[in-house]
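# Summary of the model geometry
The chain contents come next:
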Amino acid sequence: MTNAKNIVAADLKHVWHPFTQAGISPDPVPISHAKGTVLYSHDGREILDMISSWWVTLHGHAHPKIVNAIAEQAGKLEQVIFGGFTHQPAVTLIERLSALLPDDLDRAFFSDDGSTAVEISLKLAHQYWRNLGKPERCQYLAFEGGYHGDTVGAMSLGSSSGLFAHWQNMMFPVTMLPYPQTWQGDPQIEQKEAEALAKLDEHLARQGDQTAALIMEPLCQGASGMRMCRPEFLRAVAEKIRAAEVLLIYDEVMTGFGRTGELFACQKAGVTPDMICLSKGLTGGFLPMSLTICREQIFQAFLGDTLEKAFAHGHSFTANPLACAASLASLDLLLDEETTRRRLAIEAFHTERLFGLPDHPRVTKRRVLGTIAAFNIECDDAGYASKTGPRLRDYFMEHNLLVRPLGNVVYLLPPYCTTDDQLNRTYDVIEQAMAEII
Ligand SMILES: Cc1ncc(COP(=O)(O)O)c(C=O)c1O
């Protein structure tokens, strides 16, 4: 057997893949190495990674600056317990990030992935109010369709995504607000926003003083289908939440590090949340790490002279030095003029090619936000389980494109090093798919 066949055979025998029905899925593709936007398979394929490998790869695969930073750090300090100890890469990373984030978003708690960053924000909000002597503030608000991860608290916040039916009775109740999704040429956006804001008003009037926090994915709900909203809406929500003294949590696990045009979506909206959750692009996509960054007033509420008020939470790999070194190198690249130029070029390219695709009765709701582009395919079974998704994913893979629709939503979210040629090739295949199978 070839190496490729051996790997796949062993995989099929021993491995359990995420979000995969092994009973019907095609065999996994064995990847030997990757460079920039290209994944190279053991059997000689070159596949364009147009979704940044689940939205994590910022500057392309195997970027030498990040590779070297990790290698150098590994020779110095690979890991140290973060209870009672600290290290330069962690401290420098937070100093640099807090200088980039608005206002006093200065105090960071490290964890391992997007779900744990969200879980921590929930636990912090809960204990914050207890520490302030207001334990009755223990309810949460979130938006319909939001996705915040797969741990139990994060699932509760994302319970309306339709992904978690099996675990419904493990979750706690969260009040869901309507989400005013919008797209190019949407005539009803103001009405949708007004309805969502009215529902928020209603909730705050009834239960504002029992509400701990509102959490949202600012500007774009990722997993529910790259559903975008306007910055005006975020500002209006923030104003009402502030007036009710409820905490505002932005889950920027996907939108962070330049995806929406600005470095962070909160800047594009002109809103400073009380907490921001970051992961995915944090390490440039090299290593799992996440941050829950808080305003100083939240940290202050946990100070005292006994353990009683402390945040008794932590993970074995908290602030892993290799991941911090990768993040610092990734940040250097992100702030480089050439990366900014490329991000703008990708946005302009999306705008030209997506809106330039021919009219098609089933291709609707075209939208672009920063380096994210998406459209819907109208069908009878719209939603995450739509059969349209796997059919198109297989078609794209036959054309050596990693484009993995979210149900009936096709989207692109490429690494920032992606070239015009690679984007052109991708849009050509999409156009061909529109003619042949959509
Ligand atoms: C907005 C958002 N929050 C949280 C998560 C969960 O992150 P992770 O898969 O790293 O746990 C995701 C993952 O896609 C996400 O998009």
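Residues numbered from 1 in each chain as written. Predicted model: local features only at pLDDT ≥ 70, side-chain atom pairs only at ≥ 80, totals over all residues. Heavy atoms only, no water.

## Remarks on the domain arrangement of the chain
Under the domain assignment used here, the chain contains domain 1 (3-62 + 337-436) and domain 2 (67-334). On a C-alpha basis, the centres of domain 1 and domain 2 stand 26 Å from each other. Taken together, the contact pairs 30 residues of domain 1 with 32 residues of domain 2. Carbon and sulfur atoms supply 64% of the area buried between domain 1 and domain 2, which totals about 2,700 Å² over both sides. Its largest share of buried area at the contact with domain 2, domain 1 owes to Trp55, Arg367 and Leu369, together 24% of the area lost on that side. Where domain 1 packs against domain 2, one counts zero salt bridges. (Domains from an automatic or database assignment. Contact = heavy atoms within 4.5 Å. Buried area = accessible area lost by both parts, 1.4 Å probe. Salt bridge = Lys/Arg side-chain N within 4 Å of Asp/Glu carboxyl O.)

## A look at the pairing of strand E10 (residues 247-251)
A regular strand places its side chains so that they alternate between the two faces of the sheet. Among the five residues of E10, five are classified as buried, and the element is accordingly described as predominantly covered. By the alternation rule, side chains of E10 split into Leu247, Ile249 and Asp251 and Leu248 and Tyr250, which are all buried. By the bridge criterion, four bridges tie strand E7 (residues 211-216) to E10 in an arrangement that is parallel. Within E10, the position partnered with Ile215 by the bridge is Ile249. (Buried < 20%, exposed > 50% of the residue type's maximum accessible area, 1.4 Å probe, protein only. Helix = DSSP H or I, 4+ residues; strand = E, 2+ residues; numbered from the N terminus. Pairing = 2+ DSSP bridges.)

## A closer look at the pattern of salt bridges
Pairing of side chains with opposite charge becomes possible as their charged atoms draw close. Inspection of every chain in the model, using the stated rule, returns 13 salt bridges. With a closest N to O distance of 3.2 Å, Glu431 and Arg353 form a salt bridge. On the criterion of sequence distance, the pair formed by Glu431 in helix H14 (residues 420-436) and Arg353 in helix H12 (residues 337-356) is long-range, its members being 78 residues apart. On the basis of relative accessibility, which here comes to 33%, the residue Glu431 falls in the partly exposed class. Given the relative accessible area of 15%, Arg353 is considered buried. A cluster of three or more residues bridged by salt bridges with shared partners is formed by Glu190, Glu193, Arg230 and Glu232.

## Quick notes on empty space enclosed by the protein
Over the atoms rolls a probe the size of a water molecule, and its path tells where empty space is left. Scanning all chains against the criterion turns up one cavity of 30 Å³ or more. In this structure, the largest cavity encloses a volume near 30 Å³. Lining the largest cavity are Leu354, Ala373, Ala374, Phe375, Val410, Tyr411, Leu412, Tyr427 and Ile430. Those elements that provide at least two residues to the lining of the largest cavity are strand E14 (372-377), strand E16 (409-412) and H14. Among the residues making up the lining of the largest cavity, the classes are represented as nine nonpolar, no polar and no charged. (1 Å grid on protein atoms, 1.4 Å probe; cavity = no way out; pocket = protein on both sides within 12 Å on 5 of 7 lines; lining within 4 Å. Points joined across faces, edges and corners; volume = space filled by probe spheres on them. Nonpolar A, V, L, I, M, F, W, Y, C, P; charged D, E, K, R; others polar.)

## Regarding the sheet that holds strand E5 (residues 139-143)
Spatially, seven strands are ordered E4-E12-E11-E10-E7-E5-E6 in an open sheet, and the strand pairing comes out mixed. Single-partner strands in this sheet number two, and they are strand E4 (105-111) and strand E6 (175-177). Neighbour-to-neighbour, the strand axes of this sheet turn through a mean angle of 20 degrees, independent of strand direction. Across the face of the sheet, helix H5 (residues 114-131) comes into contact with E4, E5, E7, E10, strand E11 (275-278) and strand E12 (290-295) while running at roughly 30 degrees to E12. (Axes fitted to C-alpha atoms, helices over the stretch in contact; angles between N-to-C directions.)

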